[in-house]
Structures are given as structure tokens and as C-alpha cells.
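What follows is the residue order along each chain.
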Amino acid sequence: MQLLPPPPFIAHHPRHLTTAWAQYVATQHTPGTIVKQVKLSSVDVGTTTRICILVDHNGPETLPRQWFIKTPSLSWRARAITALPRLLHTEIRFYNELAQITPITKPTVLSAKSYFGRGSTLVLNDITAQGAIPGSPSDTLSVAQAVLVIEKIASLHAQFWNKTHTKPEFRWLAGPVRRLEDHLGSILAVPLMKRGLDKAGHLVPKALHAPAIHYARNRRLAMRFLSQGPQTIIHHDCHPGNIFWLNNKPGLLDWQMVRIGEGISDIAYFMATSLAPEIRKTNEAQLIKHYIQSLTDNGVSSIDFEQIKHRYSAHLVYPFEAMLITLAVGGMMDLDTNLELIKRAASAINDNDSFAALPV
């Protein structure tokens, strides 16, 4: 069988982002625009390849001149992890189908296309051109910043709270691709957990090693328990590197892990990775109460603090696992940053006795 060539929009490498390529994108967005020149600004390789370019064109202001492009990762390790769960394809589908109804600040999509077996390319406006300040995964947020982020996340959760099962257009968020991702995660959990713990060394207290491996062996049962709360649309990757600030208000980047899940899981991921351990420990209960109040302000009622606090404790195992797996695989995050987030997440599950909160 002859393989079809990739469509002209699809870019597999930064060198494919030519003037002709940009002209194709510009024409789709604003017919009649002429692209004069494309200049490569930066390239960053992680779970995807993230490229910034400057585009000189004669089009209107609605077509930005700074573009942010995501293509499959140039790192073979990252591609091996992200290819089967089709993470970039998921983000592209989010921008095409859900972005407009998601009540949270995010980049503007210029073009987003994915072709099975032929590639995926996502083109967004470069938020820095608007004066936005992108976060770094190693950022440590203040309590005041955490309050603002939690309010935004709560507005996202409230929009879809207990509605995802009634809307056919949301079913793909819990469809075959997500089930495959969960299945692969469970198959690889033990070897990756062991490797991550070994590479993390003293950053993870020895007392957590046996419970972590026990969790990995029983990951499928744990995931079933962690999906039993009220369902909504969640970001599922709320670390500080996926947060940006525009006019001192937060927005969210990187929607490739978006899915249907329990809202408190986003809060657990955010607090475990974004706050210094002593700040998180001191303010944890109040921030969870603020999340509940924000949900209430957005029309969600009957939320019990003690119950949601218990669920929060259990959900802390996921950011801990995610950061250890990132370390085990390698090449997906700056090493020093990865180690810092492991340290924060380990402190969170230790303080909350998170493995004991799971029925495994």
C-alpha cells in the first residue's frame, strides 16, 4: 500500500517552516495575505517540539506576526511515550472542538490539523506578543497566585460539572485513546516507577519506596478509585510551566492531557508541583476550601470539605508518579526542574499519607 504524502500544513521538523508553509497557514486564516519572510526564533524539544517563528506578512492585525508551533517531539524517547496515546492529536482536537466553550484564558489557535499516520501540527499565537509572561516548570508560586489559579481551574470544572456524560461531543475525552493511555500506564508502571525512584535517590524518602511500588503494581485499581468522584473536564497537567500570566491573571497552556476526570485532581497536581512544600502545607486546607467556594460561586453545590480533602490526598499520587516517570524516561523536562518537582510532590504525598488514602 502506498503511503500518502503529508499535507502541506504538516511540519515534521523546524526546517519545514518555510515561507511557503507559512503562506499556506496565512491563506487558510486570512485569504489574500502575502507572507514575505519567516524567521526562526527558538526551538525547544520536550514531549513535543515547540517552535517560535516571526512571520512578516501584509495581513491584518488579527493575524499575529509571532507564531508558536507544536509538532511531534524530535526526541525519540518522548515520541515513544506520546505516539500511541496521541497527545498532540488530543490537544489539536481540544482547540478545534472545545477551546471556544472552555472558560479559561488560553492561546488563540491559528490552525490545527492532525492526520493519522501522516503527522500533526498546531499553530497558536505567541502569547508573549500580547505581553503575557509564560511560566517555567521550576516556578514557585505565591499563595496569592495560587488563589487566582484555583479560581480559574474551578471555573473550568464548574462549566462541565456532572455534564460530560450527557453530551455526546465530550465522549472522545474518555474514548479509546484515553483507555489505551491508561492501559499502557498500568503496564509500564512498575519498571518506570522503580527506575524513577532509583534515579531520584535521596529526594524521595525511603519510607515511600515500598508504597510507591505497591501502588504501581495495583495502578489499575487505584485509577478506578480515582475516577469515582464527580466528573468534569480537567486539564490533567497543571504544573507551573503550563501556566502563563496576562495582566496579572493566569491562563493555561498545553492541553494535550485534557480528559474527563475528577476536578480535585487538577488542584492536587497544581498544589503538589507549584508551591514550596512549607507554603503548601501551611495553606493546603484553606486553598482547598477556596476551591470549594469558587465552585459554589460558579453554581456547584453540596461539596463536603472532609470528603474532598480525602480525595485530594489520594490524587496526589498522580503528580508524584508523573514526575518520576518523566525522570525515568528522560529527555522530556530539564533535569534540575524535574528533580525539584519530584521533591515537591514527594513532600506532598508524605505530608498527606496519600498512599494510605488509596484502597490498594
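Notes on the structure follow. Treat the numbers as computed from the prediction; the structure is a model and nothing was measured.

**Concerning the nonpolar core**
Reasoning step 1: Among the nonpolar cores identified, the biggest contains 81 residues, and M193, V204, F270, Y291, F320, F355 and L358 are the most heavily contacted of them.
Reasoning step 2: Grouped together as the second largest cluster of nonpolar side chains are 18 residues, W21, V35, I51 and L110 included.

**A short note on a nonpolar patch on the surface**
Reasoning step 1: Taken together, the side chains of L40, V43, V45 and L74 present a nonpolar region at the surface, about 300 Å² in accessible area.
Reasoning step 2: Following the sequence through the fold, L74 ends up in the loop between β3 (66-72) and α2 (76-82).
Reasoning step 3: Residue class for L74 comes out partly exposed when judged on its relative accessible area of 36%.

**Focus: the packing of helix α8 (residues 264-274) against helix α11 (residues 317-329)**
Reasoning step 1: Interaxial distance between α8 and α11 falls to 8 Å at its minimum, and their mutual angle equals 55°. Between α8 and α11, the crossing angle belongs to the class labelled oblique. The way α8 lies across α11 gives a crossing that is right-handed. Of the residues in α11, those touching α8 at A268, Y269, A272 and T273 are Y318, P319, A322 and M323.

**A word on the packing of helix α5 (residues 176-200) against helix α6 (residues 209-217)**
Reasoning step 1: Two elements in contact, α5 and α6, have axes whose closest approach is 8 Å; the angle formed by their N-to-C orientations is 160°. The angle between α5 and α6 places the two elements in the roughly antiparallel class. Here the hand of the crossing between α5 and α6 comes out right-handed. Contacts from A189, V190, M193, K194 and L197 of α5 reach α6 at H209, A212, I213, Y215, A216 and R217.

**Brief notes about unusual backbone geometry**
Glycine aside, residues mostly have negative phi, and peptide bonds are mostly found in the trans state.
Reasoning step 1: For H236, which is not glycine, the phi dihedral falls at a positive 75°.
Reasoning step 2: Residue placement: H236 occurs in the loop between β7 (231-234) and β8 (243-246).
Reasoning step 3: You will see that D353, though not glycine, has its phi angle at about 50°, which is positive.
Reasoning step 4: Mapped onto the secondary structure, D353 falls in the segment after α12 (335-352).

**Section: helix α3 (residues 87-97)**
Residues separated by three or four positions in an α-helix point in the same direction, a consequence of the helix having 3.6 residues per turn.
Reasoning step 1: Among all positions in α3, only L87, L88, T90, E91, I92, F94 and Y95 are buried.
Reasoning step 2: Where α3 is buried, its residues touch β2 (48-57), β3, α2, β4 (109-115), β5 (119-125) and α5.

**Regarding the pattern of salt bridges**
Reasoning step 1: Within the structure shown, the criterion is met by 14 salt bridges.
Reasoning step 2: A salt bridge links D254 to K70; the nearest nitrogen and oxygen atoms lie 3.3 Å apart. Taken as a pair, D254 in the loop between β9 (249-252) and β10 (259-262) and K70 in strand β3 lie far apart in primary sequence, 184 residues in all.
Reasoning step 3: By relative accessible area, which is 13% here, D254 ends up buried.
Reasoning step 4: A relative accessible area of 3% places K70 in the buried class.
Reasoning step 5: The salt bridge involving E181 is made with R178; its shortest N-O contact spans 2.2 Å. Here R178 and E181 lie together in helix α5, a separation of three residues that amounts to about one turn.
Reasoning step 6: Connected through salt bridges with shared partners, the residues R178, E181, D182 and R259 form a single ionic network.

What counts and what doesn't
Residues numbered from 1 in each chain as written. Predicted model: local features only at pLDDT ≥ 70, side-chain atom pairs only at ≥ 80, totals over all residues. Heavy atoms only, no water. Core = buried A, V, L, I, M, F, W, Y, C linked by side-chain atoms within 4.5 Å. Buried < 20%, exposed > 50% of the residue type's maximum accessible area, 1.4 Å probe, protein only. Patch = residues over 30% accessible without salt bridge, like charges linked within 9 Å, V, L, I, M, F, W, Y side chains within 5 Å. Areas by Shrake-Rupley, 256 points an atom, 1.4 Å probe, with all protein chains shown as cover. Salt bridge = Lys/Arg side-chain N within 4 Å of Asp/Glu carboxyl O. Helix = DSSP H or I, 4+ residues; strand = E, 2+ residues; numbered from the N terminus. Axes fitted to C-alpha atoms, helices over the stretch in contact; angles between N-to-C directions. Parallel < 35°, antiparallel > 145°, perpendicular 65-115°, else oblique. Left-handed = near helix turned anticlockwise from the far one by under 90°. Contact = heavy atoms within 4.5 Å.

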